[in-house]
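Per-entry structural report
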Amino acid sequence: MSVCLAKVPKYELNDGREIPAIALGTYLGYDKNGVVKSINKQLRNVILQAIDVGYRHFDTASIYDTEEEIGEAIRMKIDEGAVRREDIFITTKLWNTHHRRNQVTKAVRESLTKFGLDFIDLYLMHWPIGLNEDYSYTDVDYLETWRGMEDAHQLGLVKSIGLSNFNKTQLERVITRGSVKPAALQIEIHPQIPQTELVRYAQSQGVVVMGYSPFGSLVMRYGVHFPGLDGPTLGDIAGKYGKTPAQVLLRWLVERNIIPIPKTVKYSRLKENINIFDFQLTQEDMQKINQFDDETRYTMPSFWQTHPYYPFERVDNPVPNPFRRS
Ligand SMILES: NC(=O)c1ccc[n+]([C@@H]2O[C@H](COP(=O)([O-])OP(=O)(O)OC[C@H]3O[C@@H](n4cnc5c(N)ncnc54)[C@H](OP(=O)(O)O)[C@@H]3O)[C@@H](O)[C@H]2O)c1
């Protein structure tokens, strides 16, 4: 099969390593049975195709339950001689139920066993929120968890460490109180929630920013079409560059030196989403897209908002907790 390999630039992390400028998202969503699982190796096959079209960076988390199939695909491609381990960048995340310092390295080893690999490139604390196995709150300070991440880093099991879903105050606290500076921060970013202040702060500290849910309301969320990015603006801009609205949204992140994490399981969209490094948006088009800012978060676990380390603004009517086990 002949495929066009997209050329993806890299950013330098503050620990001297390099990270590819786009990551493939691998969270398959959530339904009444819990986290949606890959059936018949669907995800493994998507990763094989993704490597063929040029993806070298994969974003997962222990809670997504996709580490096994990602690892299997990567090992297959290494065995085939198509890539070497050092060509691939794996980001995965520590789940909230393993926040005690002595739980972190154990969680890393569990992820490594699932991948069938011997190191992780970037390990993120998924949330600043510590939970017990039954999902009741712990009072574990995320600084304690960060020490555990530093332990795993020291052991060489994870090459870089970072944070996800931290607010500015929390990020600042880890930067000032930790021994290792976070290399990356992963947060929700799309034109409806550009996170200008947090991105500016992180980047000013040399922390690379990764943006999840980059398509905002261009795509269905929780089976619902939300208003926001509809209307002719994106289509008009896309037409001008001979690109799609989805590519324009991804490029809007790239223009801000943010790593977009688009998720797709479709081959045509894998190709579409990575082909964003051959055009540039003008300042005028960036400004037009910036006007979609209405502070909409699609990931807002308000059921945790009574937790002392909840990172987001609190709301009047929190949604019921779909995770609670007791
Ligand atoms: N750190 C965190 O807490 C956190 C939270 C959420 C997400 N994430 C990460 O970020 C990744 C992406 O976030 P996300 O899944 O919420 O949102 P997303 O990537 O913005 O949207 C995914 C949706 O867009 C569709 N899609 C993909 N490419 C498209 C295109 N070119 N045109 C039209 N539709 C397209 C996909 O459908 P098809 O698959 O059918 O193509 C899927 O329904 C996740 O997979 C995960 O790795 C991290």
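A quick note: this is a predicted structure, and the numbers were derived from the prediction, not measured.

1. Some details on the overall build of the chain
Scanning the chain from terminus to terminus reveals 10 helices and 12 strands. With the principal axes as the frame, the chain shows a C-alpha extent of 55 × 50 × 40 Å. Expressed as a percentage of its 326 residues, the buried residues of the chain come to 55%. Partitioning the contacts of the chain with sequence separation of at least 6, the portion at a separation of at least 24 is 73%. Counting every atom, the chain has about 14,600 Å² of accessible surface; 48% of that belongs to carbon and sulfur. One finds the centroid of the 39 positive side-chain charges in the chain at a distance of 2 Å from the centroid of its 40 negative side-chain charges.

2. Here's the deal with the side chain of Thr 26
Among the structural elements, Thr 26 can be located in the loop between β3 (24-25) and β4 (30-31). A distance of 3.2 Å separates the side chain of Thr 26 from the side chain of Thr 66, its partner in a polar contact.

3. A short note on the pattern of salt bridges
Scanning all chains against the criterion turns up 19 salt bridges. Here Arg 173 and Asp 141 are joined by a salt bridge, their closest N and O atoms 2.6 Å apart. On the criterion of sequence distance, the pair formed by Arg 173 in helix α5 (residues 168-177) and Asp 141 in the loop between β8 (120-125) and α4 (142-154) is long-range, its members being 32 residues apart. For Arg 173, a relative accessible area of 22% puts it in the partly exposed group. The residue Asp 285 makes a salt bridge to Lys 288 at a minimum N-O spacing of 3.9 Å. Here Lys 288 and Asp 285 lie together in helix α10 (residues 283-290), a separation of three residues that amounts to about one turn. Asp 285 sits in the buried class, given a relative accessible area of 1%. Residue Lys 288 is classed as partly exposed on the basis of its relative accessible area of 36%. One network of salt bridges, with partners in common, ties together Arg 17, Arg 85 and Asp 121.

4. What to know about helix α9 (residues 267-274)
Note that an α-helix has 3.6 residues per turn; residues three or four places apart therefore point the same way. For α9, the full list of buried residues reads Leu 270, Asn 273 and Ile 274. For α9, the buried positions fall inside an angular range of 90 degrees around the axis, keeping them on one side. Where the residues of α9 are buried, they touch β3, α1 (42-53) and α8 (245-255).

5. Here's the deal with the nonpolar core
Core analysis: the largest hydrophobic core is formed by 73 residues, its most contacted members being Tyr 55, Phe 58, Tyr 123 and Leu 185. In this structure, Leu 185 is in contact with Leu 163, Phe 166, Leu 171, Leu 198, Ala 202, Val 207, Val 208, Val 209 and Met 210, ignoring residues within four places of it in sequence. Counting residues in hydrophobic clusters, the runner-up holds 15 residues, among them Leu 124, Val 208, Met 210 and Ile 261.

6. Thoughts on the packing of helix α7 (residues 232-241) against α10
It is at 10 Å that the axes of α7 and α10 come closest, and there the two elements cross at 160 degrees. Between α7 and α10, the crossing angle belongs to the class labelled roughly antiparallel. Our pair here, α7 against α10, has a crossing hand that is left-handed. Contacts between α7 and α10 involve Thr 233, Leu 234, Ile 237, Lys 240 and Tyr 241 on the former and, on the latter, Asp 285, Lys 288 and Ile 289. Looking at the contact of α7 with α10, its residues break down into four nonpolar, one polar and three charged.

7. Thoughts on the site of the ligand
Asp 59, Ser 213, Thr 264, Lys 266 and Arg 269 are the nearest of the 26 residues found near the ligand. Within the side chain of Ser 213, an N or O atom sits 2.8 Å from an oxygen atom of the ligand. Pro 214 places a main-chain nitrogen or oxygen 3.2 Å from an oxygen atom of the ligand. About the coverage of the ligand: the protein hides 87% of its 910 Å² of free accessible area.

8. So, helix α2 (residues 67-80)
With 14 residues, α2 should cover 20 Å at 1.5 Å per step; its first-to-last C-alpha distance of 20 Å lies within 8% of that length. Within the span of α2, buried status applies to Glu 67, Glu 69, Ile 70, Gly 71, Glu 72, Ala 73, Ile 74 and Lys 77. Each element contacted by the buried residues of α2 is listed here: α1, β6 (57-59), β7 (89-94) and α3 (101-115).

Conventions used here
- All residue numbers refer to positions counted from 1 along the written sequence of the respective chain.
- Side-chain atom pairs in this predicted model are given and counted only at pLDDT of 80 or more, local residue features only at pLDDT of at least 70, and totals for whole chains, interfaces and linings cover all residues.
- To obtain the side-chain values, all non-hydrogen atoms of the structure were included, while hydrogens and water were left out.
- Under the scheme used here, helices are H or I runs from DSSP no shorter than 4 residues and strands are E runs no shorter than 2 residues, and both carry numbers assigned from the N terminus.
- Categorising residues by exposure relies on relative accessible area from a 1.4 Å probe, with only protein chains included: less than 20% of the type maximum marks a residue as buried, more than 50% marks it as exposed, and the intermediate range marks it as partly exposed.
- Throughout, a residue-residue contact means that at least one pair of heavy atoms, one from each residue, lies within 4.5 Å.
- The Shrake-Rupley method, run with a 1.4 Å probe sphere, supplies the accessible areas, and residue values consider only the shown protein chains as cover.
- Residues counted as positive are Lys and Arg, residues counted as negative are Asp and Glu, and His and the chain ends are not counted.
- Every charge is mapped onto a representative atom, which is NZ of Lys, CZ of Arg, CG of Asp or CD of Glu.
- Here a polar contact is recorded for every N or O atom pair within 3.5 Å, except that within protein the pair must consist of a potential hydrogen donor and a potential acceptor, and residues adjacent in sequence are included only if both atoms are side-chain atoms.
- We define a salt bridge as a contact between a side-chain nitrogen of Lys or Arg and a carboxyl oxygen of Asp or Glu at a distance within 4 Å.
- To be clear, the arc concerns the directions from the helix axis to the C-beta atoms.
- As used here, the term nonpolar core means buried Ala, Val, Leu, Ile, Met, Phe, Trp, Tyr and Cys residues forming a set that is joined through side-chain atoms within 4.5 Å.
- Only C-alpha atoms enter the line fits that serve as axes; for helices the fit covers just the stretch in contact. Angles between N-to-C directions range over 0 to 180 degrees.
- Reported orientations rely on four angle classes, namely roughly parallel under 35 degrees, roughly antiparallel over 145, roughly perpendicular from 65 to 115, and oblique for the rest.
- When the near helix sits turned anticlockwise from the far one by under a right angle, the crossing is termed left-handed; a clockwise turn instead gives a right-handed crossing.
- Three residue categories are used. Nonpolar comprises Ala, Val, Leu, Ile, Met, Phe, Trp, Tyr, Cys and Pro, charged comprises Asp, Glu, Lys and Arg, and polar comprises the others, including Gly.
- Note on definitions. A residue lies near a molecule or strand when any single heavy atom of the residue is within 4 Å of it.
- A helix is expected to span 1.5 Å multiplied by its residue count minus one.

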